[in-house]
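# Coordinates in review
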Amino acid sequence: MIRNVLGSLVALAGAASAVLSPFRDWYAGRAGQDYRVEDLFGGITAAESGVLVSMLLPFLAAALLVIVGVVLRSRLVVALAGLVVLGFTILWMVRQGQAAGSLVVAGDGSGLQVGVVNALAGGLLMLIGALLMSGRGRRGRRERRPVEPYAAPAADQVDTWPPTQEPGMSVQTSPWPEPEVDPYTGPDPHDPRTRSYPQAPPEADPRDPVHPPHRPPPPPPPPQG
């Protein structure tokens, strides 16, 4: 997130520098808006140019690309805008060198001037901004698939639910809840140690009058030796 913000600011600063550059002097006191875009392909002439058909046109297009790239967080679009600015600026330098015989940098304003510096700096800032941006994360591009719940088990696999193959609750054949078994069932009448203990009379379990709990059958008596 921070990289996208920082890269966007640098790219937008580069776009502003590139758009401003045609309004400043480029060579020998001649502003960038005085050069026609068609002169870059046919040779630079002394003919004046309108603003919308001057060097401002490709730089405006590059600035729009930067805005689109920042909104979409696309590093490729921002880098393309920087290449457009650098490409047109370098092409102008080649044509201007052919027309003037050479390119010079002079302090008296007879050579390359600050407008070219603004254009080159703007294109470089756009490329740097594209490198700083992290772009759109993979999580943003990846569609989130809805989490599907486990399907209901088949009728013959109800004892293996959930699908971890661990035993689960068995099928209840009674509409009543399963009765709770009292862990203590009283003295065992077949045990000689507890045979003399008083036995409680059997009572029906009031918790489940339809299906009372079944006591286990008594063990068989030991064989008489």
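Let me begin by describing the structure that accompanies this report. (Residues numbered from 1 in each chain as written. Predicted model: local features only at pLDDT ≥ 70, side-chain atom pairs only at ≥ 80, totals over all residues. Heavy atoms only, no water.)

### Some points on the nonpolar core
Membership of the largest hydrophobic core comes to 23 residues, with the highest contact counts inside it found for Trp26, Tyr35, Met55, Phe59, Trp92 and Met126. Elements with a minimum of two residues in this core: helix H1 (2-20), strand S1 (25-27), helix H3 (56-72), helix H4 (75-100) and helix H5 (114-132). Not counting residues up to four positions away in its chain, the partners in contact with Phe59 are Ala18, Val19, Ser21, Pro22, Trp26, Val85, Phe88, Thr89 and Ala119. (Core = buried A, V, L, I, M, F, W, Y, C linked by side-chain atoms within 4.5 Å. Buried < 20%, exposed > 50% of the residue type's maximum accessible area, 1.4 Å probe, protein only. Helix = DSSP H or I, 4+ residues; strand = E, 2+ residues; numbered from the N terminus. Contact = heavy atoms within 4.5 Å.)

### Focus: the pattern of salt bridges
A side chain of one charge can pair with a side chain of the opposite charge if their charged atoms are brought near each other. The full count for this structure, using the stated rule, is two salt bridges. Across the salt bridge formed by Arg36 and Glu38, the nearest N and O atoms sit 2.8 Å from each other. Residue class for Arg36 comes out partly exposed when judged on its relative accessible area of 21%. Each of the salt bridges in this network shares a partner with another, and the network as a whole consists of Arg36, Glu38 and Asp39. (Salt bridge = Lys/Arg side-chain N within 4 Å of Asp/Glu carboxyl O.)

### Here's the deal with the packing of aromatic side chains
Overall, the coordinates contain four aromatic pairs when judged by the stated rule. Their ring planes at 85° and their centres at 5.0 Å tell us that Trp26 and Trp92 sit as a pair that is edge-to-face. Taken together, the residues Trp26 in strand S1 and Trp92 in helix H4 connect sequence positions 66 residues apart. Aromatic side chains Tyr35 and Trp92 sit 5.4 Å apart centroid to centroid with 80° between the ring planes, which places their arrangement in the edge-to-face category. Here Tyr35, found in the loop between strand S2 (30-31) and helix H2 (39-42), pairs with Trp92, found in helix H4; they are 57 residues apart in sequence, far enough to count as distant. Accessibility expressed as a relative area gives 2% for Tyr35, which makes it buried. The exposure class of Trp92 is buried, given its relative accessible area of 0%. (Phe/Tyr/Trp six-rings, centres within 6.5 Å; stacked < 30°, edge-to-face > 60°.)

### Observations concerning the environment of Arg24
The topology assignment puts Arg24 in the loop between H1 and S1. C-alpha separation for the pair Arg24 and Val114, spaced 90 residues apart in sequence, amounts to 6.9 Å. Here Arg24 is in contact with Arg30, Ala31, Gly32, Val114, Gly115 and Asn118, once residues within four sequence places are set aside.

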